Amino acid sequence: MKRRLILFLFILIASPAWSESIFPYKYQEAKLENGLKVILVPIDNAGLVSYTTVVNVGSRHEIEPGHTGFAHFFEHMMFRGTKKYPADKYSEILLEIGGDQNAFTGEDFTVYYVHFPRRFLEKVVDIESDRFMNLDYSLSAFQTEAKAVLGEYNKNFANPFFQLEEKLNEIAFEKSTYEHTAMGFLKDIQDMPNQFDYSRVFFTRFYRPENCIIIVSGKFNPEEALSLIKKYYSAWKPGDYRPEIPKEPEQTQERKAAIHYEGDTLPLLSIAYKAPAFHPASKEFAALSLLSDLAFGETSLLFQKLVLQEQKADFVSGEYIPHMDDYLFNIAARLKNIQDLSVAEQAIFETLEQMKQKPVEAKRLEDLKSNRKYSFLMSFDTSKSITNGFYRSMAPYLALIHGVAAVDQIFKTYDSITPGDIQNAAKQYFQKEKRIVVTLTGAKS
């Protein structure tokens, strides 16, 4: 009885002041005694439920030399089954209940999800808890999956955008584990079939209750869902591993690289600057995030010039994705002719200088803030997009700061940004010595 009372009180404390929240649904948060965090978002849809597990492990956590790529590798292995539900039985159950499931891995986290009709909630809690607590695989299955991951790497490497990203990260970071992509270094992937014992260590370190968040959204009873989660996950034992993530030293001079792609492709240009880590209350993060659209979005002067008027590029974009540690503000363009690489590069530099010299128009900034807010809300407009949009939109925030309240905080921070904040952020971060430039040209660019 005492344990039930403690859990109930936690939910009451964690309940949000919903009427003041930009997040469009009431939600509850709870934490089991083993540290597993649960977020419940009941939604009045047609009867579908999305069951998502966010694991706080990505390529950032791969700190040991020779062992990159294991976060992504377990995205594959988690479908190999357990003694209770072997892989074929797990797949058979999902087929019987009409479940739609998949997973993805990023630099900071790995996400697994299942969409299914609500009457199968207990079965899904059962099979999902079982594979996270009792994953079981043989040496043969491990080596087969390791070879499949190598095949995935080779397939990705045929994509010029993957090569551009891989080279950009490689020269941008010297100490940080962001040096490699979520796929890992090729030499480590090639050696992965020999790392069976290490794979056990990796799984034991990170697949622990205090390192995971369960998010349930859709048509369901929150009390029933929480009761089921407690029933099936309470035996999961917490761990004590805390990786010491290396800190990237300050970059003091510009870095450049050129890739010669063996196949045919249009020339690609990537210009990146070192930029701060995500925090929902960071004005620097919010200012740079808004600047990415103002300077390089489809309504920007640069996009109008290079893509629509002169038609030298088929796209230009600015991207500043939230990360746990300092990462990159990246500007990318694909040109139609190789001689236009230098033209686009100069145009991007001039755009950034303009952002330093002159404040953006206040009305344009306010329009963008409004667009950000309503685009976020519109991502929840149908039952399918609610379940899909929830983890796609929310997972980074949840994984980074472990709470839905971060959504309200980040939009509050966006609202506080002035044209002066944008200008100051441009002056602080768009400096030549913090810049990385990578170009890619094909055999017939």
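As the structure is a prediction and not an experimental result, all values here were calculated from the model.

Cut-off values and rules
- Residues numbered from 1 in each chain as written.
- Predicted model: local features only at pLDDT ≥ 70, side-chain atom pairs only at ≥ 80, totals over all residues.
- Heavy atoms only, no water.
- Salt bridge = Lys/Arg side-chain N within 4 Å of Asp/Glu carboxyl O.
- Helix = DSSP H or I, 4+ residues; strand = E, 2+ residues; numbered from the N terminus.
- Buried < 20%, exposed > 50% of the residue type's maximum accessible area, 1.4 Å probe, protein only.
- Pairing = 2+ DSSP bridges.
- Axes fitted to C-alpha atoms, helices over the stretch in contact; angles between N-to-C directions.
- Contact = heavy atoms within 4.5 Å.
- Parallel < 35°, antiparallel > 145°, perpendicular 65-115°, else oblique.

Engineer: Sorry if this is basic, but what is going on with the pattern of salt bridges here?
Structural biologist: Should the charged atoms of two oppositely charged side chains come close, the side chains can pair. In the structure shown here, the tally under the stated rule is 23 salt bridges. Across the pair E92 and K89 runs a salt bridge, and its minimum N-O distance is 3.8 Å. One end of the pair is E92 and the other is K89, both in helix 3 (residues 87-97) and three residues apart, which spans about a single turn. Ionic pairing is found between K312 and D340, a salt bridge with its closest N-O pair at 3.8 Å. Linking K312 in the loop between helix 11 (301-309) and strand 9 (313-319) with D340 in the loop between strand 10 (327-335) and helix 12 (341-357), this pair joins segments that are 28 residues apart in sequence. K312 gets classed as partly exposed once you look at its relative accessible area, which sits at 23%.

Engineer: Would you take a moment to explain the sheet that holds strand 5 (residues 110-117) for this structure?
Structural biologist: With mixed pairing, the six strands of this open sheet are ordered in space as 1-2-6-3-5-4. A strand with exactly one partner marks an edge of an open sheet, and here the two such strands are strand 1 (28-31) and strand 4 (100-105). Averaged over all pairs of adjacent strands, the angle between strand axes in this sheet comes to 15 degrees, irrespective of strand direction. Helix-sheet contacts for helix 2 (residues 70-77) involve strand 4 and strand 5, and the interaxial angle to strand 4 is about 170 degrees.

Engineer: Just checking my understanding: could you explain the packing of helix 10 (residues 283-296) against helix 13 (residues 362-378) for this structure?
Structural biologist: In a pair of packed helices, the angle between the axes and the distance between the axes together describe the arrangement. Remark: helix 10 packs on helix 13, axes separated minimally by 11 Å, with the N-to-C direction vectors making an angle of 110 degrees. Considered as vectors, helix 10 and helix 13 are oriented roughly perpendicular to each other. Every residue of helix 13 that contacts helix 10 at S289, L290, S292, D293 and L294 is listed here: R364, L365, L368, K369 and R372.

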